[in-house]
Amino acid sequence: MHNTLFLILRRMRAPLIFLILSYAISLLGMTLIPGVDAAGRPAPPMDFFHAFYVVSYTATTIGFGEVPGTFSDAQRAWTIVVIYLTVIAWLYSIGFILNLLQDPALLRAARGNRFAARIKRLRQPFYLIAGCGETGSLLMHALDNRNQQAVVLDIDPDRIGALELGQYHLDIPALCADASLPENLLVAGLKHPHCAGVIALTNDDRANLSVAVTVKLLRPQLPVLCRTDSLETAANMASFGTDEVVLAFETFGEHIAMAVDSPGHHLLYEWLTGVPGESLTEPLEPPRGTWVICGYGRFGKAITHHLKRVGIEPVVVEATPLKTGCDDCIVGTGTEAHTLLEAGIEDAVGIVAGTDDDINNLSIVMTARELNPGLFTVLRQNRHANEPLFQHFRANVTMQPFRIVAHEFLSLLITPLLSRFFSLARSRDDAWVDVLISRIAAVLENTMPDVWDLEVSRSQTEAVWEAIRDGTSVPLQALLRNPAGRDETLACIPLLLKRGDTESLMPEPDVLLQAGDRLLFCGERQARHLQSLCLYNFGVLGYLLTGQDAPGGTIWRWLNRQRTARAA
């Protein structure tokens with residue numbers, strides 16, 4: 001507010017001085033020039049009040065006539081001067097005002113003040129998102145669907161404009177500013193008591209690194225999640241204590257290698273990170289054999305590294321081998337048939353089109369399919385605007401960096417235990433994973449499961465927490481029963497129980513819960529809603545534990561405890 005006022009006063013200095021001088025000169029003349037009375041005799045000049053009154057209605061062209069009495073010829077002549085002088089002064093000032101209203105600096109200052117005021121009024125937890133490109137937009141839509149507040153910084157005014165026109169349930173404060181500058185992060189609520197975390201999603205690794213460093217220096221305990229395309233930058237972020245760093249290319253490379261080496265683990269990941277309600281995906285089984293990789297940038301290097309890790313030696317096609325450091329590769333873009341033939345496409349089992357040009361990637365795969373129709377195709381999509389082309393082509397796998405990063409961050413924000421579950425599940429064999437997949441499929445109606453976690457605490461599971469505090473044994477089985485009929489089991493599966501430093505995959509239903517336990521579930525969305533009834537409702541929880549209606553109010557529960565204590 002102070003910046004805006006200072007800017008207005010500085011820009012309006014000249015017209016204000018001119019306007020004040022014109023009024024001062026007009027008033028001075030009116031108070032010095034003598035008038036006439038009703039009889040035509042000379043009369044004293046106007047006093048200051050009447051002079052100011054006459055100049056005010058004259059300058060604004062309202063016109064009330066000659067008051068408080070008839071003017072003398074000298075006063076009328078001076079009034080003519082006043083009219084032209086003040087009208088010119090007002091036209092000059094109004095022109096300055098109209099020009100000032102279009103001044104970019106003033107508009108930025110005004111938007112900044114409105115943005116800061118909206119941040120101060122926030123009374124619910126929010127995530128500060130730096131960068132609202134394709135990845136940020138996907139993440140914001142997902143958070144908005146879960147009624148999770150977000151605050152956005154982006155250096156591109158077009159993106160901010162698109163965000164303001166977007167259809168969101170919540171009002172998302174957004175500011176066009178450089179997120180790498182600490183002062184902008186502070187304005188966006190970095191030190192706000194309700195700031196739940198910071199997510200750096202810009203397309204500049206150095207800007208994301210700057211955000212991570214700023215957060216860890218100014219608010220060390222605040223979670224910060226960053227995306228990057230460079231392993232070196234990721235290591236630098238980790239050295240500053242960044243909570244999570246997502247490398248889209250490395251993550252995708254791990255998934256492809258997982259699908260080759262262990263299709264069951266990959267299918268489990270796809271189901272638990274998919275969009276709830278969509279149809280269950282079929283297992284992805286990339287073949288073993290010779291693979292051709294077109295493009296040896298960051299994406300191509302990640303794919304090559306992870307395929308080699310599972311025993312596949314790919315053939316690389318690269319247009320600029322000296323620039324990318326490709327020592328042993330076929331020189332070319334891959335869009336030409338002779339380059340692919342030189343790479344052995346006719347005997348290959350799969351091809352990866354991984355350049356940074358979407359049209360080239362489509363051309364590569366189309367040419368490769370003409371030479372070898374049975375190829376397993378992996379297609380990199382760089383821009384969301386080209387989605388219709390990639391949907392029409394229907395590659396076996398389409399790599400979309402923005403979706404990968406958005407899904408990774410969403411799972412970290414909404415279900416923090418899920419990443420820990422995947423880490424533990426990787427150590428289990430295929431037989432264990434196949435059993436889990438069968439159990440998940442059995443409780444679902446061919447749709448992706450909803451995944452949620454909860455903590456046995458007063459804020460998240462008040463009824464369960466109070467029951468445990470009162471000495472009641474609450475087994476995990478109680479959270480798996482249907483409140484409409486305790487003999488029925490909800491369509492959900494407990495995936496992980498974390499108790500202190502101890503973690504248990506697929507905990508048994510008869511395990512007794514303790515305060516502080518954290519649980520991860522997957523199942524139907526309806527099951528999640530039904531389960532929530534017993535988490536806060538003492539009567540429902542009592543029915544699920546005993547089969548009888550238990551006192552649900554605070555006073556009735558206190559009386560029941562007293563009666564039980566006397567009986568003991």
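Below you will find a few notes about this structure. (Residues numbered from 1 in each chain as written. Predicted model: local features only at pLDDT ≥ 70, side-chain atom pairs only at ≥ 80, totals over all residues. Heavy atoms only, no water.)

Turning our attention to a nonpolar patch on the surface. A surface patch of nonpolar side chains, amounting to about 450 Å² of accessible area, comprises Trp90, Ile94, Ile97, Leu98 and Leu101. Along the chain, isoleucine 94 turns up in helix α4 (residues 73-101). Assessed through its relative accessible area of 40%, isoleucine 94 is described here as partly exposed. (Patch = residues over 30% accessible without salt bridge, like charges linked within 9 Å, V, L, I, M, F, W, Y side chains within 5 Å. Areas by Shrake-Rupley, 256 points an atom, 1.4 Å probe, with all protein chains shown as cover. Salt bridge = Lys/Arg side-chain N within 4 Å of Asp/Glu carboxyl O. Helix = DSSP H or I, 4+ residues; strand = E, 2+ residues; numbered from the N terminus. Buried < 20%, exposed > 50% of the residue type's maximum accessible area, 1.4 Å probe, protein only.)

Let's shift gears to helix α23 (residues 538-546). Among all positions of α23, only Phe538, Gly539, Val540, Leu541, Gly542 and Leu544 are buried. If you check the start of α23, you find a side-chain oxygen 2.9 Å away from the backbone N of glycine 539, and it comes from asparagine 537. (Polar contact = N/O pair within 3.5 Å; in protein donor to acceptor, adjacent residues only side chain to side chain.)

With that out of the way, let us pick up the packing of aromatic side chains. This model, assessed by the stated rule, comprises 10 aromatic pairs. With a centroid separation of 5.8 Å and an interplanar angle of 55°, the aromatic rings of tryptophan 291 and phenylalanine 376 are classed as tilted. Of the two residues, tryptophan 291 sits in strand β9 (residues 291-294) while phenylalanine 376 sits in strand β13 (residues 376-380), which places them 85 residues apart along the sequence. You'll find tryptophan 291 and phenylalanine 376 in the same group, each marked buried. Taking the centre distance of 5.8 Å and the plane angle of 55° together, the rings of phenylalanine 421 and phenylalanine 422 count as tilted. (Phe/Tyr/Trp six-rings, centres within 6.5 Å; stacked < 30°, edge-to-face > 60°.)

In space, the four strands of this open sheet follow the order β15-β20-β18-β19, with antiparallel pairing throughout. Of all the strands in the sheet, the pair left with one neighbour each is β15 (450-455) and β19 (502-505). On average, each strand axis in the sheet is tilted by 15° relative to the strand beside it, whichever way the strands run. In this sheet, strand β20 (residues 518-523) lies alongside β15 in antiparallel orientation, the contact comprising six bridges. Paired with aspartate 450 across the strands is glycine 523, a residue of β20. Helix-sheet contacts for helix α20 (residues 430-443) involve β18 (492-499), β19 and β20, and the interaxial angle to β18 is about 130°. Across the sheet, helix α22 (residues 525-536) lies against β15, β18 and β20, angled at about 15° from β15, the strand it touches most. (Pairing = 2+ DSSP bridges. Axes fitted to C-alpha atoms, helices over the stretch in contact; angles between N-to-C directions. Contact = heavy atoms within 4.5 Å.)

Turning next to the nonpolar core. In terms of nonpolar packing, the biggest core is built from 45 residues, with Ile129, Leu139, Ile199, Phe252, Ile303, Val378 and Phe409 touching the most fellow members. A per-element tally of this core places helix α11 (residues 248-261) first, with seven residues. Not counting the four nearest positions on each side in its chain, phenylalanine 409 is found in contact with Leu139, Ile199, Leu201, Leu225, Cys226, Arg227 and Val246. (Core = buried A, V, L, I, M, F, W, Y, C linked by side-chain atoms within 4.5 Å.)

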